[in-house]
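# Descriptive structure summary
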Amino acid sequence: MYNVVVVGASGAVGQEILKVLEERNFPVGELKLCATSRSAGKQMVFRGRTYTVQETRVDSFAGMDIALFAGGAASKEFGPAAVEQGCVVIDNSSNFRLDPRVPLVVPEVNPEDVKWHQGIIANPNCSTIIMVVPLKAIKDVAGIKRVVVSTYQAVSGAGMEAIEELTAQTRAVLDGVDYPPKVFPYQIAFNLIPHIDVFQEMDYTKEEWKMVKETRKILHDDQLAITATTVRVPVYRSHSESVNVETMEKLTAQKAREVLASFPGIVVLDNPARKEYPMPLFCSHRDEIFVGRIREDNSIERGLNLWVVADQLRKGAATNAVQIAELLIKYRCLRGRQ
């Protein structure tokens, strides 16, 4: 059994982490739930037992084996202290993802990278995870020259307040009442916002650069040509992505379906004649990555179009983090637990 602390336990991702730990029957010994002072004292249930959320402190990690950070600034503040106290940190924030000393891991893609951790392992951006699994399947059989991706990202990727804003704003619009945006820069109800996170170099957003740089790191390919446009849409849960892949070798649509269907963690849902394709409505609260609308690109010789949908709170965050914890046990690379 392993002692686990969840930091940010009361938030959307933290709650999903607890669900996933329970569903996957993770061997939890002692469990500690931590969050900000604002959430301290909240009651949460895990495996039928009630736990009280504690304020995260430097000494919160004593005697713990694994620290699952749900995101935000907490890992930057408390991660090093957790490592010093013998924990392996699995971090859902962007604080360490591009640090060359920190593995960035998607278990279906680069599981063995966990072996060289120095106390911290980064969980990739949710949109990156959702895209990189089908990319790995294709790369293994045909190579990849270039990727063009456009995302359609659910509001829950921005947290609980974003979910509440979509609900309240939708009601307000339908009732003809004003509801000024607070979480997003513009009204999200009945709208699309082609802007996620801050703008950076070349007028790409930070979210777009995450997809570029993280994908290269995970696939161990610094030269991979990839460009992204990320869009927030008025959907509660599950991100969708339109992915165009130019391969090194010709890959027919039928062969691509076979390759993707046989890859761990992917479900191919692709039957145009029966109007079967992935949608957030049916892919939420699932751990698989769903791929459909698989077509050969009519504009280039070696190209494929994919439509990819997955629950970004599950596989895009919580499930991926717990899978990393499982790898630590499998490879026997927990600190002090050889």
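Residues numbered from 1 in each chain as written. Predicted model: local features only at pLDDT ≥ 70, side-chain atom pairs only at ≥ 80, totals over all residues. Heavy atoms only, no water.

## Structural notes on the domain arrangement of the protein
It is common to give the size of an interface as the accessible area that goes away when the parts come together. To keep it simple, the criterion reads: The start and end points of each domain follow an automatic or database-based domain assignment. The contact criterion used is simple: two residues touch if any of their non-hydrogen atoms lie within 4.5 Å. Simply put, the buried area is the total loss of 1.4 Å probe accessible area from both parts when two parts are fitted together. We count a salt bridge whenever a side-chain nitrogen from Lys or Arg sits within 4 Å of a carboxyl oxygen from Asp or Glu. Following the grouping adopted for this structure description, the nonpolar residues are Ala, Val, Leu, Ile, Met, Phe, Trp, Tyr, Cys and Pro, the charged ones are Asp, Glu, Lys and Arg, and the polar ones are all others, Gly among them.
Taken domain by domain, the protein holds domain 1 (2-123 + 317-331) and domain 2 (128-154 + 192-310). For domain 1 versus domain 2, the separation of C-alpha centres amounts to 27 Å. The partner domain 2 presents 17 residues to the 18 residues of domain 1 that form the contact. Summing both partners gives a buried area of about 1,400 Å² for domain 1 against domain 2, and 62% of it is carried by carbon and sulfur. Per-residue buried area on domain 1 facing domain 2 is highest for Leu104, Glu108 and Val109; these three make up 36% of the total on that side. Our enumeration of links across domain 1 and domain 2 arrives at two salt bridges. Looking at the side of domain 1 that touches domain 2 residue by residue, the classes come out as seven nonpolar, five polar and six charged.

## Some details on the pairing of strand 9 (residues 144-153)
Along any regular strand the residues' side chains alternate between the sheet's two faces. Defined as follows: At least two DSSP bridges between two strands are required for those strands to pair. Helix and strand labels come from DSSP, where a helix needs a run of H or I of at least four residues and a strand needs a run of E of at least two; each type is numbered from the N terminus.
Pairing of strand 9 with strand 11 (residues 239-247) involves eight bridges; the strand directions are antiparallel. The residue of strand 11 that forms the bridge with Ile144 is Thr247. Relative to strand 10 (residues 225-232), strand 9 runs parallel, the two being bridged by eight bridges. Within the sheet, the bridge partner assigned to Thr151 lies in strand 10 and is Thr230.

## Side note on the UniProt feature "binding site: phosphate" (unreviewed entry) in the protein
Counted only if it meets this: UniProt positions are given in the numbering used here, feature names are shortened, and annotations may be inferred rather than shown by experiment. Relative accessible area decides the class of each residue, using a 1.4 Å probe on protein chains only: under 20% of the type maximum gives buried, over 50% gives exposed, and in between gives partly exposed. Here a polar contact is recorded for every N or O atom pair within 3.5 Å, except that within protein the pair must consist of a potential hydrogen donor and a potential acceptor, and residues adjacent in sequence are included only if both atoms are side-chain atoms.
What UniProt calls "binding site: phosphate" (unreviewed entry) maps, in this numbering, to Arg97. Judged by its relative accessible area of 5%, Arg97 is buried. Looking at Arg97, its side chain comes within polar contact range of the main-chain oxygen of Ser93, at 3.1 Å.

## Things to note about the UniProt feature "binding site: substrate" (unreviewed entry) in the protein
Mapped onto this numbering, the UniProt entry gives "binding site: substrate" (unreviewed entry) at Gln153 and Arg232. The greatest C-alpha distance among the residues just named is 4.8 Å, despite their covering 80 residues of sequence, which places them together in space. Looking at the secondary structure, you find Gln153 in strand 9. In this structure the side chain of Gln153 is engaged in a polar contact, spanning 3.1 Å, whose partner is the side chain of Ser127. With residues near it in sequence (within four places) discarded, Arg232 still touches Gln153, Ala154, Val155, Gly157, Ala158, Phe184, Ile188, Asn191, Leu192, Ile193, Ile196 and His239. At a separation of 2.8 Å, a polar atom in the side chain of Arg232 contacts the main-chain carbonyl oxygen of Ala154.

## Focus: the packing of aromatic side chains
The criterion, for reference: Pairing of aromatic rings covers Phe, Tyr and the six-membered ring of Trp, with a centre-to-centre limit of 6.5 Å; geometry is then stacked below 30 degrees between planes, edge-to-face above 60, and tilted otherwise. In this analysis the charged atom, NZ for Lys or CZ for Arg, is taken to sit over a ring once it is within 6 Å of the ring centre and within 35 degrees of the ring normal.
If you walk through the whole model with that rule in mind, you get three aromatic pairs. Consider the rings of Phe61 and Phe69, whose centres lie 5.9 Å apart with planes at 20 degrees: the pair is stacked. Here Phe61 matches Phe69 in class, with each residue buried. On the numbers, 5.4 Å between centres and 55 degrees between planes, the contact of Tyr152 with Trp307 is tilted. Linking Tyr152 in strand 9 with Trp307 in strand 14 (residues 303-310), this pair joins segments that are 155 residues apart in sequence. Residue Trp307 is classed as partly exposed on the basis of its relative accessible area of 21%. When the ring centre of Tyr331 is taken as reference, the NZ or CZ atom of Lys115 above it lies at 4.5 Å.

## Topic: the packing of helix 3 (residues 126-142) against helix 5 (residues 206-218)
The condition is simple: Lines fitted to C-alpha atoms define the axes, with helix axes restricted to the stretch in contact, and inter-axis angles between N-to-C directions lie between 0 and 180 degrees. An angle below 35 degrees is treated as roughly parallel, one above 145 as roughly antiparallel, one from 65 to 115 as roughly perpendicular, and anything else as oblique. Should the near helix be turned counterclockwise from the far one by less than a right angle, the crossing is left-handed, whereas a clockwise turn marks it as right-handed.
For the pair helix 3 and helix 5, the least separation of the axes is 9 Å and the interaxial angle reads 40 degrees. When the axes of helix 3 and helix 5 are compared, the pair comes out oblique. Handedness of the crossing formed by helix 3 with helix 5: right-handed. Touching Ser127, Thr128, Met131, Val132 and Leu135 of helix 3 are Glu207, Lys210, Met211, Glu214, Thr215 and Ile218, all from helix 5. Among the residues forming the contact of helix 3 with helix 5, the class breakdown is five nonpolar, three polar and three charged.

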